[in-house]
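Here is how the chains run, residue by residue.
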Amino acid sequence: MQKNLNYTYKFYLILIFSFGIILRLYWAEHKEGMHMDEVATFSVSECDGALYSSDVYVPQEFVATGKEIKKFYFIHDTRIKGTLHDLRYMWHNVYDYTHTNFYYSLIRVFFTGSNTTDVKVINKRGILLNLILFTLSFI
């Protein structure tokens with residue numbers, strides 16, 4: 001009797017986990033673009049305190065393409081050195097009192113080495129992080 005109960009319990013756990021993954025993948029498949037908060041997350045995850053990266057300089061009479069404007073919002077220094085620099089500043093203050101720096105630190109670390117402004121690639125990477133965190137929290 002105990003053995004059957006154990007199998008039933010494991011079956012339901014796997015069923016719930018599978019449903020959660022399928023639901024997240026379904027949502028991910030239908031996701032287009034990024035919400036303003038998602039874009040702001042990248043800006044905050046690489047700022048030096050309350051200021052955005054010093055690598056970003058905008059001349060006064062700047063004319064830009066959409067791709068160039070997107071580069072302002074996404075991570076500029078994709079090297080490990082850049083990630084460590086940003087994590088050090090976020091450790092002290094991230095200037096977002098509704099989220100911990102842990103949230104932004106995870107994003108910053110996970111996007112190390114990703115040098116793209118393609119929203120589809122960024123979304124796929126973010127969805128992968130979401131699936132990893134879901135799996136870890138489920139376990």
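This text goes with the structure placed above it.
Conventions and cut-offs
- Going along each chain's sequence as written, the residues are numbered from 1 onward.
- This being a predicted model, a pLDDT of at least 70 is required before a residue's local features are given, and a value of 80 or more before pairs of side-chain atoms are given or counted; all residues contribute to the totals for chains, interfaces and linings.
- Excluding hydrogens and water, the side-chain figures rest on all heavy atoms present in the structure.
- Secondary structure elements are taken from DSSP: a helix is a run of H or I of four residues or more, a strand is a run of E of two residues or more, and numbering for both begins at the N terminus.
- The contact definition used throughout considers only heavy atoms, calling two residues in contact when any of these lie within 4.5 Å.
- Exposed residues in this analysis have more than 50% of their type's maximum accessible area, buried residues have under 20%, and partly exposed residues fall in between, with area computed by a 1.4 Å probe over protein chains only.
- Residues belong to one nonpolar core when they are buried, are Ala, Val, Leu, Ile, Met, Phe, Trp, Tyr or Cys, and are joined through side-chain atoms within 4.5 Å.
- By salt bridge we mean one thing: a side-chain nitrogen of Lys or Arg within 4 Å of a carboxyl oxygen of Asp or Glu.
- Lines fitted to the C-alpha atoms define the axes, with helices restricted to the stretch that makes contact. Angles between their N-to-C directions range from 0 to 180 degrees.
- Here the angle decides the label: under 35 degrees means roughly parallel, over 145 means roughly antiparallel, 65 to 115 means roughly perpendicular, and every other value means oblique.
- Amino acids are sorted into nonpolar (Ala, Val, Leu, Ile, Met, Phe, Trp, Tyr, Cys and Pro), charged (Asp, Glu, Lys and Arg) and polar (every other residue, Gly among them).

Participant: I'm lost on the environment of Lys 71 in this one. Help?
Facilitator: Mapping Lys 71 onto the fold places it in helix α3 (residues 66–73). It is 9.5 Å that separates the C-alpha atoms of Lys 71 and Asn 115, two residues lying 44 residues apart in sequence. Ignoring sequence-local partners within four residues, the contact set of Lys 71 consists of His 76 and Thr 117.

Participant: Explanation requested: the side chain of Ser 114 in the structure shown.
Facilitator: Relative to the assigned elements, Ser 114 resides in the loop between α5 (101–110) and α6 (119–138). What makes Ser 114 buried here is its relative accessible area of 11%.

Participant: Where do I start with the nonpolar core in this structure?
Facilitator: Side chains of nonpolar character tend, in soluble globular proteins, to be buried together. Phe 42, Phe 74, Ile 107, Phe 111, Ile 122 and Leu 129 together form the largest nonpolar core, which totals 6 residues. In terms of nonpolar packing, the next biggest core, distinct from the first, is built from 5 residues, Ala 28, Ile 127, Leu 131 and Phe 134 among them.

Participant: Got a minute to help me understand the pattern of salt bridges in this structure?
Facilitator: Close approach of charged atoms allows side chains of opposite charge to pair. Scanning the entire structure with this criterion turns up 2 salt bridges. One salt bridge in this structure joins Glu 38 and Lys 31, with 3.1 Å as the shortest N-O distance. A relative accessible area of 27% places Glu 38 in the partly exposed class. The exposure class assigned to Lys 31 is partly exposed, which follows from its relative accessible area of 21%. With a shortest N-O distance of 2.6 Å, Asp 86 and Arg 108 are connected by a salt bridge. With a gap of 22 residues between them, Asp 86 in helix α4 (residues 80–92) and Arg 108 in helix α5 connect regions that are remote in the sequence. As far as burial versus exposure is concerned, Asp 86 and Arg 108 are alike and both buried.

Participant: Hey, could you run me through the packing of α4 against α5 in this one?
Facilitator: Two quantities define a packed helix pair, namely the angle between the helix axes and the distance between the axes. α5 packs onto α4 with a crossing angle of 175° between their chain directions and a minimal axis gap of 10 Å. Looking at the two axes, α4 sits roughly antiparallel to α5. Contacts between α4 and α5 pair Gly 82, Thr 83, Asp 86, Leu 87, Met 90 and Trp 91 from the former with Asn 101, Tyr 104, Ser 105, Arg 108 and Val 109 from the latter. Within the contact of α4 with α5, the residues separate by chemical class into 5 nonpolar, 4 polar and 2 charged.

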